[in-house]
Each structure stands twice: as structure tokens, then as C-alpha cells.
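Descriptive structure summary
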Amino acid sequence: MAKTRTKKWDAAEHLKSDADMAAYLEAALEEGDPALVAAALGDIARAKGMSDLARQTGLGRESLYKALSAEGNPEFSTILKVVNALGLRLHAAAAH
């Protein structure tokens, strides 16, 4: 019997378009879990290039990796800088 080989799934590998990235962030926001939102932003940032994002935001690359992980706790100002640099927008809508 052949052994089954598995590979760790990385969302960043599947985020190819801006529409994919926006839908992914929207889904994370709908869950209402701050850690999930930070991790989703981290996945999107890795898909677009963390070094470029660090340059655009003026934040350190390592700091971004840490802040945008499931264990990170980024300040809201960091979230806004990252979202803007990624070319995304946050918007509010009335809850149903």
C-alpha cells in the first residue's frame, strides 16, 4: 500500500485575483472573529508580496508577519494601512 503524502494547505497560493482576495476578506469579516480577519489579511498580504506591502505601509516585514497571523493582535491603524496598501476597502452595511 502506497503512503499518502499530504501538504499543508496555504490559502495564499489560491488567492490569484483582486476579486478572490476581496471575497476571502469579506468571508473572514462575516465570521466576526478578529484573529480570523488578521490571518486572512496575512494570507492576502503573502499572496501579493509581504516585502512590497511592508514598503507601502512603512511597517517592518517581520512585524507584519507577526501582526497578521492568527496569534497577532494588530492595532486598527495597522489594519487600515494594510487594507489600503492591498487595494481593498472596508465598508459598513446595516445588519439584518
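As a reminder, the structure under discussion sits directly above these lines.
The following paragraphs examine the structure supplied in this document.

Brief notes about the overall build of the chain
Along the backbone of the chain there are five helices and zero strands. Traced from its N-terminal end to its C-terminal end, the chain shows the element sequence α-α-α-α-α. Split into buried and exposed, the 96 residues of the chain put 32% on the buried side. For the chain, the exposed area adds up to about 6,900 Å²; of that, 52% sits on carbon and sulfur atoms. The averaged location of the 13 negative side-chain charges in the chain is 9 Å from the averaged location of its 12 positive side-chain charges.

Notes on helix α2 (residues 34-48)
Here α2 contains 15 residues, and its C-alpha end-to-end distance of 21 Å stays within 8% of the 21 Å for a straight helix at 1.5 Å per residue. The inward-facing, buried residues of α2 abut α1 (18-31), α3 (50-57), α4 (61-67) and α5 (76-85). Near the N-terminus of α2, the side chain that reaches the backbone nitrogen of alanine 35, with its oxygen 3.1 Å away, is that of aspartate 33.

Here's the deal with the environment of aspartate 18
Secondary-structure assignment places aspartate 18 in helix α1. A relative accessible area of 52% means that aspartate 18 is categorised as exposed. Along the primary structure aspartate 18 and leucine 88 are separated by 70 residues, whereas in three dimensions their C-alpha atoms are 8.2 Å apart. At 3.3 Å, the side chain of aspartate 18 and the side chain of lysine 48 are in polar contact.

A short note on the pattern of salt bridges
Per the stated rule, a full pass over the model turns up six salt bridges. Measuring nitrogen to oxygen at the nearest pair gives 3.7 Å for the salt bridge that ties lysine 7 to glutamate 13. Note that arginine 46 and aspartate 10 form a salt bridge whose closest N and O atoms lie 3.0 Å from each other. Residue arginine 46 is located in helix α2, and its partner aspartate 10 is located in the segment before α1; the two are separated by 36 residues in the primary sequence. In this structure, a network of salt bridges that share partners links the residues Asp10, Asp43 and Arg46.

Quick look at the side chain of aspartate 43
Note on placement: aspartate 43 falls in helix α2. There is a polar contact of 2.5 Å between the side chain of aspartate 43 and the side chain of tyrosine 24.

Thresholds applied
Numbering of residues begins from 1 in every chain and follows the order in which that chain's sequence is written. Local features in this predicted model are restricted to residues of pLDDT 70 or higher, and side-chain atom pairs are both shown and tallied only at a pLDDT of 80 or more, whereas totals for entire chains, interfaces and linings draw on every residue. Note that water and hydrogens are dropped before the side-chain values are worked out from all heavy atoms of the structure. Secondary structure elements follow DSSP: runs of H or I no shorter than four residues count as helices, runs of E no shorter than two count as strands, and numbering proceeds from the N terminus. We call a residue buried when its accessible area falls under 20% of the maximum for its residue type, exposed when it is over 50%, and partly exposed in between, using a 1.4 Å probe and counting protein chains only. With residues, only the protein chains shown are counted as cover, and all accessible areas are computed by Shrake-Rupley using a 1.4 Å probe. Only four residue types enter the tally: Lys and Arg on the positive side, Asp and Glu on the negative side, with His and both chain ends excluded. To locate a charge, take NZ of a lysine, CZ of an arginine, CG of an aspartate or CD of a glutamate. Any helix carries an expected span of 1.5 Å times its number of residues minus one. Between two residues, a contact is recorded if the distance between any of their heavy atoms is within 4.5 Å. Pairs of N or O atoms within 3.5 Å make up the polar contacts considered here, provided that, within protein, one atom can donate a hydrogen while the other can accept it, and that residues adjacent in sequence are counted only when both atoms are side-chain atoms. Take a side-chain nitrogen of Lys or Arg and a carboxyl oxygen of Asp or Glu: if they are within 4 Å of each other, that pair is a salt bridge.

Treat this as a map of the structure, not an account of what it does.
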